[in-house]
Amino acid sequence: MTALLDIRGLKAEIDGRQILNGLDLAVNKGEIHAIMGPNGAGKSTLSYVLSGKPGYEITGGEVFFNGEDLLAMDPDERAAKGLFLAFQYPLEIPGVATLTFLRTALNAQRKKRGEEELSSPDVLKRVRELAKQLSIDPEMLKRPLNVGFSGGEKKRNETLQMALLEPKLCVLDETDSGLDIDALRIVADGVNRLRAADRGMIVITHYQRLLDYIVPDVVHVLAAGRIVKTGGKDLALELEATGYAQYQSEAA
Amino acid sequence: MNAEVRSVKTAAEIGFADLFAAARESLPGGDKIEAVRRDAFDRFAAQGLPHSRTEAWRYTDLRRLLRDAKPLAPRSDAAARSVAREAGAVFAGLGLRRLLIVDGAFAPELSDLAGLEPGVVVRATVEALGADEMVLPLDMAGGDPVAALNTALAADGVMITVAPGVVVERPIHLVFVTTGGTPAATFTRSRLELGSGAVLTLVETHEGPDQSDYQVNVALQVDVGDRARLDHVKITGEGAAALHISTLEASTGAGASYRDFGFTIGGAVVRNQLFVKLAGEGAIADVYQGSLLAGRQHADTTLVVDHVAAGSQSREVFKAVVDDEARAVFQGRITVQPGAQQTDARMMARALLLSDEAVANCKPELEIFADDVQCGHGTTTGALDDQLKFYLMARGIPEKEAEALLIQAFVGEVIDAVARDDLREALTQVMLNWLKERD
Ligand SMILES: Nc1ncnc2c1ncn2[C@@H]1O[C@H](COP(=O)(O)OP(=O)(O)O)[C@@H](O)[C@H]1O
Ligand SMILES: [Mg+2]
């Protein structure tokens, strides 16, 4: 079986600084992988390199997404093929209404996949339903994207986008940061609803807390740009107790 | 003002002198008007064409940009005039009252003059001049050389008055068209007077053929009476090689509201100069201007807002999207006179540069002679935000579409200032068409 995502020996630099140092990771359909690691380990970098953010230079390795060369694709193409990154810091876009953005994104992806575009009322209906599940005030959909949203609202909005776009692979970067316990539960429930046999997930987090709600199948430790340890969900609890110090020295 | 003594005249300056000498006899108006014209021409001749050392024109060197004076446009023939019927299509279907000004002459036979609202009077400027009415002298723009040229040579235009208290539901659309043929120059003068408490929306479009390097010099004087309200929308959509110089003078009475929206999309060289005087207590003026420029376009928006009376408020917002090797210029000056306490004035200029060769020159200024005021200004110039673009692309939106969305958001702020939904939608369509032509 081809893995949904297959990363082999990935090396990447930004501004001449090597951040990813030969990273290997395979995620199959239906699996949830957690990636944990100290600050500055390269977790966000990995998520950006996967989604095609400009500015990174790939200096080695390969990435296959459903058997296709992911690194050769533009960011919008990756999204249309089913890759979704929930940003650690979602951006504010003044002047672009949230709903307009959602409709444009959904229909751009459908168009690229050769599917029929959805009418505005159809999109609205879907968005409303998802907003309700995620306790998002429908009034917020009229507001410019993320502008003036609280940290929790931004994260819920990311989750809404993910649910609407129905990706094949979800990459969640520190989705728990800045969330209080209630918001965390709402977001985690939203993510858990998306668990499916044909969908994979990578949950990046610094703390074990999120993994109480989104229970992973596999846990990896990322340090100094590489996966340095892989285990079951117990590994997360272990890390919570011991901290990352051993991996930091190991990587250095 | 120091009348600069110059020994060398440019070809264009000599051309204008010849034009004026030849046309003087035949221009409409009696002796009194001729004296006004002559005086205005002398003022132009003393200064010559403005150039980079002329303070109010420092980024638009007309001596360099205007090479020759075109002959005055002849009265257009029937075929040309029938082309004009299609003009102003941007607002087609909105049921606006269309008044056509073809090659500088008001064309009543092509205009929609049926069923004018009681209290609304529309006349040709040539008629007012023929009756020796003193419609030509300018106030705030009086010292400007190209406005002086307009006073000297204006032959026609439209004069509109709205009686006190009359609320005109149907917007008036001044459709300015230059038809094909030999490149020519037109000088028009128009005027709008709103009586106290009157309400009107005035729309202007300016267009012409792309192949011709014609020249347009238009001036509009607006008097908004006490508690009257005018919404003014102007689209400068001239042909690709045209020169367009526009002078607007607006004066507002007590409690009056003047809302101006300008969109510059066409023309090779464009100067929109607006002089707004908040003359009555508690008057409001909003001036929102957008420029969408590409190729080698040069568009200058120069704004002078004069707060004369107490308790007046003004907002000035300028947004330019500049692609290729185009240049956007914004100069804005807010003056608060000693008597204008409690003035609230804010000006913002933003330019979005879409290419490395695109240029924006922004120069906002405040001159404050009163102590109890709230005034501020700011400018920003920059490229599209790569981070925002990536965020949109990461959601599946292709690059060009992501850029268009961001540009639309940027320009949207000025379009949103237009009160009427139908006009706002039409203006949004103008912007979308511009964006479509980009890719
Ligand atoms: N633009 C950049 N230029 C240089 N170094 C960078 C840049 N962006 C991030 N880094 C560095 O890359 C390393 C990894 O960052 P990041 O991937 O954000 O870590 P994590 O998400 O694991 O905390 C950090 O040391 C960070 O300082
Ligand atoms: Mg991070």
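So, how was this worked out
- Residues numbered from 1 in each chain as written.
- Chains lettered and ligands numbered in written order.
- Predicted model: local features only at pLDDT ≥ 70, side-chain atom pairs only at ≥ 80, totals over all residues.
- Heavy atoms only, no water.
- Helix = DSSP H or I, 4+ residues; strand = E, 2+ residues; numbered from the N terminus.
- Rg over C-alpha atoms; globule rule 2.2 N^0.38 Å.
- Buried < 20%, exposed > 50% of the residue type's maximum accessible area, 1.4 Å probe, protein only.
- Contact = heavy atoms within 4.5 Å.
- Areas by Shrake-Rupley, 256 points an atom, 1.4 Å probe, with all protein chains shown as cover.
- Lys, Arg positive; Asp, Glu negative; His and termini not counted.
- Charge placed at Lys NZ, Arg CZ, Asp CG, Glu CD.
- Near = heavy atom within 4 Å.
- Polar contact = N/O pair within 3.5 Å; in protein donor to acceptor, adjacent residues only side chain to side chain.
- Nonpolar A, V, L, I, M, F, W, Y, C, P; charged D, E, K, R; others polar.
- Domains from an automatic or database assignment.
- Buried area = accessible area lost by both parts, 1.4 Å probe.
- Salt bridge = Lys/Arg side-chain N within 4 Å of Asp/Glu carboxyl O.
- Donors = N, O, S within 2.8 Å, 3.2 Å for Na, K, Ca; no water.
- Pairing = 2+ DSSP bridges.
- Axes fitted to C-alpha atoms, helices over the stretch in contact; angles between N-to-C directions.
- Parallel < 35°, antiparallel > 145°, perpendicular 65-115°, else oblique.
- Left-handed = near helix turned anticlockwise from the far one by under 90°.

### A word on the overall build of chain B
Here's step 1: Counting its secondary structure elements, chain B contains 9 helices and 19 strands.
Here's step 2: Its C-alpha atoms give chain B a radius of gyration of 21 Å, within 12% of the compact-globule value 22 Å for 439 residues.
Here's step 3: Each principal axis of the C-alpha atoms in chain B carries an extent, and together these give about 70 × 50 × 50 Å.
Here's step 4: Counting the 439 residues in chain B, one finds 58% classified as buried.
Here's step 5: When contacts within chain B are restricted to residue pairs at least 6 apart in sequence, long-range pairs at least 24 apart make up 83% of them.
Here's step 6: Summed over all atoms, the accessible surface of chain B reaches about 16,600 Å², with 49% contributed by carbon and sulfur.
Here's step 7: Counting 43 positive and 62 negative side-chain charges, chain B places the centres of these two groups 2 Å from one another.

### Description of the site of ligand 1
Residues and elements named next belong to chain A.
Here's step 1: The immediate surroundings of ligand 1 are formed by I14, D15, R17, I19, P38, N39, G40, A41, G42, K43, S44 and T45.
Here's step 2: Here an oxygen atom of ligand 1 and a backbone polar atom of A41 are 3.2 Å apart.
Here's step 3: Contacts to ligand 1 include T45, whose side-chain N or O atom sits 2.5 Å from an oxygen atom.
Here's step 4: Protein contact buries 67% of the 570 Å² of open area that ligand 1 shows by itself.
Here's step 5: Put simply, the parts of the chain that give the shell around ligand 1 at least two residues each are β2 (17-27) and α1 (43-51).
Here's step 6: Looking at the shell around ligand 1 element by element, the count peaks at 3 residues for α1.
Here's step 7: Of the residues contributing to the shell around ligand 1, the split by class is 4 nonpolar, 5 polar and 3 charged.

### Looking at the domain arrangement of chain B
Residue and element names in this part refer to chain B.
Here's step 1: Split into domains, chain B comes out as domain 1 (11-280) and domain 2 (385-439).
Here's step 2: A separation of 31 Å is found between the C-alpha centroids of domain 1 and domain 2.
Here's step 3: Residue-level contacts link 16 residues of domain 1 with 13 residues of domain 2.
Here's step 4: When the area that domain 1 buries against domain 2 is broken down by residue, the three leading residues are L94, F261 and F263, summing to 41%.
Here's step 5: The tally of links between domain 1 and domain 2 comes to 0 salt bridges.
Here's step 6: The interface formed by domain 1 and domain 2 includes 1 residue pair in polar contact (both at pLDDT 80 or more).

### Describing the coordination of the magnesium ion (ligand 2)
Here's step 1: The protein atoms that coordinate the magnesium ion (ligand 2) are S44 of chain A (OG) and Q88 of chain A (OE1), at distances of 2.1 to 2.4 Å. Placement of S44 of chain A in helix α1 and of Q88 of chain A in the loop between β6 (83-86) and β7 (93-97) is noted, with a sequence separation of 44 residues between them.

### With respect to the sheet that holds strand β15 (residues 313-322) of chain B
All names here are of chain B.
Here's step 1: Across the sheet, 10 strands lie side by side as β2-β1-β5-β7-β9-β11-β13-β15-β17-β19; this open sheet has mixed pairing. The open sheet has two edge strands, β2 (105-106) and β19 (374-382), and neither has a second partner.
Here's step 2: When strand β5 (residues 172-177) meets strand β7 (residues 199-207), the two strands line up parallel, connected through 6 bridges. Its bridge partner lying in β7, F176 is registered against H206.

### Brief notes about the interface of chain A and chain B
Here's step 1: Tallying the contact residues gives 30 residues for chain A and 15 residues for chain B.
Here's step 2: Summed over both sides, the interface of chain A with chain B buries roughly 1,900 Å², with 73% coming from carbon and sulfur.
Here's step 3: The largest per-residue losses of area from chain A upon contact with chain B belong to D76, L91 and I93 of chain A, which jointly make up 25% of the total buried on that side.
Here's step 4: In this structure, the connection of chain A to chain B is made through 1 salt bridge.
Here's step 5: In this structure, E158 of chain A engages R395 of chain B in a salt bridge whose closest nitrogen and oxygen atoms are separated by 2.8 Å.

### Focus: the packing of helix α2 (residues 31-47) of chain B against helix α6 (residues 145-153) of chain B
All names here are of chain B.
Here's step 1: Contact pair α2 / α6: the axes reach a minimum separation of 8 Å and the direction vectors enclose 150°. By the angle between their directions, the pair α2 and α6 is classed as roughly antiparallel. The two elements α2 and α6 meet at a crossing, and its hand is left-handed. Residues V36, R37, A40, F41, R43, F44 and Q47 of α2 pack against P145, A148, L149, T151, A152 and L153 of α6.

### Some remarks on the pattern of salt bridges
Residue and element names in this part refer to chain B.
Here's step 1: Within the structure shown, the criterion is met by 36 salt bridges over all chains.
Here's step 2: Linking K70 and D213 is a salt bridge whose minimum nitrogen-to-oxygen distance equals 3.0 Å. Linking K70 in the loop between α3 (62-65) and α4 (78-84) with D213 in the loop between β7 and β8 (215-224), this pair joins segments that are 143 residues apart in sequence.
Here's step 3: The class of D213 is partly exposed, set by a relative accessible area of 33%.
Here's step 4: The salt bridge partner of R346 is D344, with a shortest N-O separation of 3.4 Å.
Here's step 5: Given a relative accessible area of 42%, R346 falls into the partly exposed group.
Here's step 6: Taking the relative accessible area as the measure of exposure, D344 reaches 18% and is therefore buried.
Here's step 7: It is possible to trace a salt-bridge network through shared partners that takes in D323, K389, E399, E403 and R438.

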